[in-house]
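# Fold and contact review
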Amino acid sequence: MGGVKGGVTQSWCVGLGLMLCFCFLINQLDVVESTTYNVGDNLGWGFNVSAWPSGKSFKAGDELVFRYLPGFHDVVVVDADGYNKCQTTPGSKVYFSGNDTITLLEGDNYFICSFPDHCTIMNMKIAVHAA
């Protein structure tokens, strides 16, 4: 009988040790929370918004909310070349609801309005780097 009692105590100690290790590992994990940003702040997605990202720190998983009047603007996800030339490319994702939420990917993210002259003349574009 003494062997059984020792086996139970030993199993209990091993279980407790594993549970403590698991708790320690969970405690060491960084909890990553995303932040939601309203593009253009109170003015929304509009003309001359290109400087809006300045001074902000973005990370992958953060959400950008683009608010604008549908039918007057849109939001197009483009690459660096599309951003610099204010041009969409085949397969570009176009948002047009007036209340669009886009999750940032790690690295550089580019957005333009594809309505005539909005990007080129009215500076309706943003480049966002997410760490």
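The preceding data block contains the structure.
Sequence order as written defines the numbering, with residues in each chain counted from 1. It should be noted that, the model being predicted, local features are given only for residues of pLDDT at least 70 and side-chain atom pairs only at 80 or more, the latter also being counted only at that level, while totals for whole chains, interfaces and linings use all residues. Excluded from the side-chain calculations are hydrogens and water; all other atoms, namely the structure's heavy atoms, are used.

### Focus on unusual backbone geometry
Backbone geometry at Cys86 places phi at a positive 55°, although glycine is not the residue there. For Asp117, which is not glycine, the phi torsion reads 70° and is therefore positive. Think of it this way: any DSSP run of H or I at least four residues long counts as a helix, any run of E at least two long counts as a strand, and we number them from the N terminus. Secondary-structure assignment places Asp117 in the loop between strand E6 (107-112) and strand E7 (125-130). Whether a residue is buried, partly exposed or exposed follows from its accessible area with a 1.4 Å probe, protein chains only, as a fraction of its type maximum: under 20%, in between, or over 50%, in that order. When its relative accessible area of 46% is taken as the criterion, Asp117 is described as partly exposed.

### Regarding the pattern of salt bridges
The rule for a salt bridge is simple: a side-chain nitrogen of Lys or Arg has to be within 4 Å of a carboxyl oxygen of Asp or Glu. Inspection of the entire model under this criterion finds two salt bridges. Lys59 is the salt-bridge partner of Asp62, the closest N and O atoms lying 3.3 Å from each other. Note on Asp62: relative accessible area 0%, which makes it buried. Notably, a salt bridge pairs Asp81 with Lys85, separated by 3.4 Å at the nearest N-O pair. Linking Asp81 with Lys85, this pair stays in helix H2 (residues 80-85), spanning four residues, or about one helical turn. Taking the relative accessible area as the measure of exposure, Lys85 reaches 49% and is therefore partly exposed.

### Observations regarding the packing of aromatic side chains
Classification of ring pairs rests on two measures: the distance between centres of Phe, Tyr or Trp rings, Trp counted by its six-membered ring, which must be within 6.5 Å, and the angle between planes, read as stacked under 30 degrees, edge-to-face over 60 and tilted in between. Considering all chains together, one arrives at six aromatic pairs under this definition. For the pair Phe66 and Phe111, a centre-to-centre distance of 5.2 Å together with 55° between the ring planes defines the contact as tilted. Remark: Phe111 occurs in strand E6 and Phe66 occurs in strand E2 (residues 63-67); sequence separation between them is 45 residues. Grouping residues by exposure puts Phe66 and Phe111 together as buried. With a centroid separation of 5.3 Å and 40° between ring planes, the pair formed by Tyr83 and Tyr110 is classed as tilted. Separated by 27 residues along the polypeptide, Tyr83 in helix H2 and Tyr110 in strand E6 bring together distant segments of the chain. With relative accessibility at 16%, the residue Tyr110 sits in the buried group. Grouping aromatic residues by their ring pairs yields a cluster made of Tyr37, Trp52 and Phe58. Cation placement over rings: the criterion is NZ of Lys or CZ of Arg within 6 Å of the ring centroid and within 35° of the ring normal. The ring centre of Tyr95 lies 5.1 Å from the NZ or CZ of Lys93, which sits over that ring. Lying across the ring of Tyr83, Lys125 places its NZ or CZ 4.5 Å from the centre.

### Details of the state of the cysteines
Whenever a pair of cysteine sulfur atoms sits within 2.5 Å, that pair is classed as a disulfide. Under the counting rule described, the total for this entry stands at one disulfide. Between Cys86 and Cys119 runs a disulfide, and the two sulfur atoms are separated by 2.0 Å. Between Cys86 and Cys119, the S-S torsion sits near -65°, and that sign places the bridge as left-handed. Separated by 33 residues along the polypeptide, Cys86 in the loop between H2 and strand E4 (94-95) and Cys119 in the loop between E6 and E7 bring together distant segments of the chain. Both residues of the pair, Cys86 and Cys119, belong to the buried class. Free cysteine: Cys113, not disulfide-bonded; nearest cysteine sulfur from Cys119 at 8.0 Å. Classification of Cys113 as buried rests on a relative accessible area of 1%.

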